Amino acid sequence: MSILANKDTRVVIQGGQAGVNAARRMAEFCYLIKKPLNVEAFVYPPDAGKTNEIPYGSGLLAIPIYKTIAEATTHHPQINTSLVYIGADRAMKGGMEALDNTHINVVSMITEGVPEKDAKLLGVHARKLGKVFNGPSSIGVISAGACRLGVIGGAFDNLVISKLYREGSFGVITKSGGLSNEIIWICSQFADGITTAIGIGGDAYPGTDYVSYLDMFENDPQTKAVVIVGEMGGDLEERAAEWYGAKKRRVKLIAVVSGFCQESLPKGMKFGHAGAKEGMKGEGSARSKSDALKKAGALVPPTFGALGPAIKEAYQELLKTGQVKEVVEPAVLPRLPKSVEEAMKSDEVMVAPLIRTTISDDRGDEPCYDGYPASELINKGYEIPHVIGLLWDKRLISKQEAEIIKRIMMLSADHGPCVSGAYATILAACAGIGLSQSVAAGMIMIGPRFGGAVTDAGRFFKYAVENKMSVDEFLAYMKKNHGPVPGIGHRVKSLRNPDKRVKELVGYVKSLNIKTPCLDFALEVEKITSVKKDNLILNVDGTMAAVLVDIGFPVDSLNGFFILSRTIGLIGHWVDQKRQDSRLIRLFDFLVNYAAPKRREVPPLK
Amino acid sequence: MAKVLEGPGMGLMKKWGINVPDYVVVTSVDELTKLGQANEWLKTSKLVVKAHEALGSRFKLGLVKVNLDFNGAEAATKDMIGRQVGSITVTQVIVSEMIPHQEEYYCAVQSTREGSEILVAHCGGIEVESNWDRVKRLTLDVGRSPSAEGLKKLAKDAGFTGPMAEKMAEFAGKMFACFDNEDAQYLEVNPVVTRERDGELVALDAVTLLDGDAKFRHPDWNFAFAAEFGRAYSKHEMDVMAVDAKIKGSVKFIEIPGGDTAMLPAGGGASVYYSDAVVARGGKLANYAEYSGDPPDWAVEVLTEKVCSLPGIKNIVVGGAIANFTDVEKTFGGIINGFRKAKSEGKLNGVKIWVRRGGPREKEGLDAMRALKDEGFDIHVFDRNTPLTDIVDKALQQN
């Protein structure tokens, strides 16, 4: 048996994420004791109509979220208990809503920092209705083998080693959440474990005090002894002592009280929970409480450390008198399925990776590019081209190579609004499309006819140089197998109207003392083709391609230099249109050659 | 519980219709001089000057001066501001009108489990302390207000008669209104006096304790809460309070000068048992600290740095019960960072560290603590199998 929470307890949780976390812990307990999840519903207006996913074993349960308690209990009339995880400023309203619902008999409030007046009003209202209001600041309630309300009991492993899967003989009432777990564990190590453990919260005026629960324990035949962990302040421990001393009780009472340190501290210095404060006239001290409990006949060990042996003594006594029997533990207990991550950590499973990367890793405190931490690269003077070298070609390029890349990027960052890419981005921007989609529209234009010839140009120039072809052989090879030479030819530029960008880049690279076999070859090709037709010049794509191959970049990365550089321009065009708040563009009729058939009659459908 | 200094306390009483003396709170003589030009009463009344700080025994310290004229008040202000009392520097004084009176009475409202109690006595000042049986009470359930008859009966029971009974009943009613509407936990006026000028009851002094948790519904609480232990908060304490105000969960820190056993335990319940164990063993606490409710690791790191900075410490007790949901590995991560930082700053020389903890990811957390040995820390780590406060016994046996 147990008190307050049992196998028939069905729960609604009021609140958001904290409530979901609690439900997950509750599901772990339900799984351990092989019972279905006891959480029926959530009440959280912002997410009403959705569900919360709660892991149970290796599966996931979808628990509905409602706007009000009334809705929850209409759909789940078996609900009889509410856990309140609402913020302190709205906790009273939520608590009252639960208390006023006819289905609900127990409301336990986890919220901390609830104003005292609100807590008192909730307590008084519950007593008037004959219901239980537990908390605020309660860690929860757990009945071994039957029901868990809240996170009390801790992690799954702790539930198992504290033997919470089956009932023992000790009741526990604490103000402190952390100590509730400690006592549960002590009861499982020094005795046969607990029946029910209740956190009443550390506030000055908890909704339900020790005495109410002592009464319930007294009437629960399974509970043979009750452990109280008290604190200085208030008079709850004195009331418990009074209850115990009033008449012969069936249950043994074991109690400790904290706060003796106050005797040797500066007056008025307050520690611990909100309720832990000495009265104006010195009442409610740890000593007066401890004395009152002793006088009433409770077993009061001198320190917290002596609590274990005291519980053991009480248990031995119960064994001797035959009030309890030795417990035989079940041979096999359910084990909580591990997550893949946990299982990998303990070397229990091997998972075949889905993808493989060889360039970067950000699992530490900062990204590493090909193994080099980004901050260290910055601090040692490396720049964007070096990062490109690391991520595109897995090597630290030289200062000179970085300078070439920088110049290529500066020269190809933009080419005015009329080229396909920029025009597409501007069209999209004027249609009110967002940045990434508009830039993507421009990006889509990059291909064989616009900006996308760098890779192919590099591939063929490289092929020619590696195979020691003459220009004539190369042109013949291209004509036979591929068609026009990528990187040669321009829509508007020609011998008479040269592309300054090409001149600039070629001039710079030639001024360096480096070998440029591809560039040299490309310039030779231009000499022949431009004679045939004066716009068959080496264009900027071809120049970039030849230079980049010469400094060792892999052919497949070459289009990347244009894409990356031009992205700067495309973003610029989008921002520019946005800044001007440009209107939607529509093509004028006079810019279209309407070559479609003239208007005619539609024949009848056959 | 949050203590409020006299000035804002009287402000709240005035808001609920209780007569209080005219008063101003100033931080310099200049300010008082200017206020003197603007307020007639400062020039025409006899004045009282009191240090406006969270200090006990102000009379004995010479920080209350009475029966002054304006020049006297200026001199007293000049004398008090900047005075150093222990760790507190007097930065404000309250200058109030002296109320000539004959009789002194007592009125208070205090919180009880069921609601509140109104206390009234026909004596006041120090007389009431020695005549506690003369204090009469009216008990009220939460949500109820006292009736006019109930208040009158209370005043009469306390020994007030005739029109004075009416006046005291009205005064007590206003005190209750202030208590109830301002989420107070304790209001005390001692003494309540009869003003000779008009025969009205006036509150000469105010002890005001408010429920800090209710601050969210009192936008006009524009004053800072005062420390409750007779001294101002230290810089380190205020640093930790500032962190506490920002985070989920909580961190707390109070310095106790002269101690040599530093505390860094988890949980509002366990931390007091740890402190008890130190005192029971004859040790001297250097501080109180606590972290709870799964606070972020950086907040625990800040707390750890403060603990490591305490002067003259020999032991640090990193205790804790078996946590419900506080991640032991993560919070210990914050503590470990704090320890490393302190060590790199030359702190923690000869300091022994004692650890005991359980809870989610306890093995990982305790292993990380144990590994600090290799970095040269004098650290002793125990798991849940060592009873809660045994590390305190071990630590203090060493000395």
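Residues numbered from 1 in each chain as written. Chains lettered and ligands numbered in written order. Predicted model: local features only at pLDDT ≥ 70, side-chain atom pairs only at ≥ 80, totals over all residues. Heavy atoms only, no water.

(A) Molecular detail of empty space enclosed by the protein. According to the stated counting rule, one finds one cavity of 30 Å³ or more in the structure shown. Estimates place the volume of the largest cavity at around 170 Å³. Contributing elements (two or more residues each) for the lining of the largest cavity: helix H4 (116-129) of chain A together with strand E9 (115-121), strand E10 (136-141), helix H7 (162-181) and strand E11 (184-194) of chain B. Each residue belonging to the lining of the largest cavity can be placed in one class, and the counts come to five nonpolar, five polar and eight charged. (1 Å grid on protein atoms, 1.4 Å probe; cavity = no way out; pocket = protein on both sides within 12 Å on 5 of 7 lines; lining within 4 Å. Points joined across faces, edges and corners; volume = space filled by probe spheres on them. Helix = DSSP H or I, 4+ residues; strand = E, 2+ residues; numbered from the N terminus. Nonpolar A, V, L, I, M, F, W, Y, C, P; charged D, E, K, R; others polar.)

(B) Examining the nonpolar core more closely. Counting 107 residues, the largest nonpolar core has Phe170 and Phe304 of chain A as its most contacted members. Among the elements that take part in this core, helix H1 (residues 17-32) of chain A stands out by supplying eight residues, more than any other. (Core = buried A, V, L, I, M, F, W, Y, C linked by side-chain atoms within 4.5 Å. Buried < 20%, exposed > 50% of the residue type's maximum accessible area, 1.4 Å probe, protein only.)

(C) Geometry of helix H4 (residues 70-80) of chain B. All names here are of chain B. Listed in full, the buried residues belonging to H4 are Phe70, Ala73, Glu74, Ala76, Thr77 and Met80. End-on view of H4: buried residues confined to an arc of 165 degrees, all on one side of the axis. For H4, the exposed residues lying more than 90 degrees away from the buried face are Asn71 and Lys78. Elements in contact with the buried residues of H4: strand E2 (23-26), helix H2 (29-38), helix H3 (40-44), strand E3 (47-51), strand E4 (64-68) and strand E7 (93-97). (Arc of directions from axis to C-beta. Contact = heavy atoms within 4.5 Å.)

(D) Spatial organisation of the environment of Phe253 of chain B. All names here are of chain B. Position of Phe253 among the secondary structure elements: in strand E14 (residues 250-255). Taking the C-alpha atoms as reference points, Phe253 and Gly124, separated by 129 residues in sequence, lie 37 Å from one another. Leaving out residues up to four positions away in the same chain, Phe253 has contacts with His236, Glu237, Val240, Asn287, Tyr288, Ala289, Leu303, Lys306, Val307 and Leu310.

(E) Representation of a nonpolar patch on the surface in the model. Residue and element names in this part refer to chain A. A cluster of nonpolar side chains, namely Tyr423, Leu427, Ile585, Leu587, Phe588, Phe590, Leu591, Val592 and Tyr594, defines an oily patch on the protein surface of about 930 Å² accessible area. Along the polypeptide, Ile585 turns up in the segment after helix H22 (558-580). In this structure Ile585 comes out as partly exposed when scored by relative accessible area, which is 35%. (Patch = residues over 30% accessible without salt bridge, like charges linked within 9 Å, V, L, I, M, F, W, Y side chains within 5 Å. Areas by Shrake-Rupley, 256 points an atom, 1.4 Å probe, with all protein chains shown as cover. Salt bridge = Lys/Arg side-chain N within 4 Å of Asp/Glu carboxyl O.)

(F) Region of interest: the interface of chain B and chain A. Contact residues are listed per partner, giving 49 residues for chain B and 61 residues for chain A. Each partner contributes to the roughly 4,400 Å² buried at the junction of chain B and chain A, and carbon and sulfur atoms together form 59% of this total. Ranking the residues of chain B by area buried against chain A places Arg113, Tyr273 and Asn324 of chain B at the top, with a combined share of 21%. For the interface between chain B and chain A, the tally reads five salt bridges. As a salt-bridge pair, Arg217 of chain B and Asp118 of chain A come within 2.8 Å of each other at their nearest N and O atoms. Here chain B and chain A share 24 residue pairs in polar contact (both at pLDDT 80 or more) between them. (Buried area = accessible area lost by both parts, 1.4 Å probe. Polar contact = N/O pair within 3.5 Å; in protein donor to acceptor, adjacent residues only side chain to side chain.)

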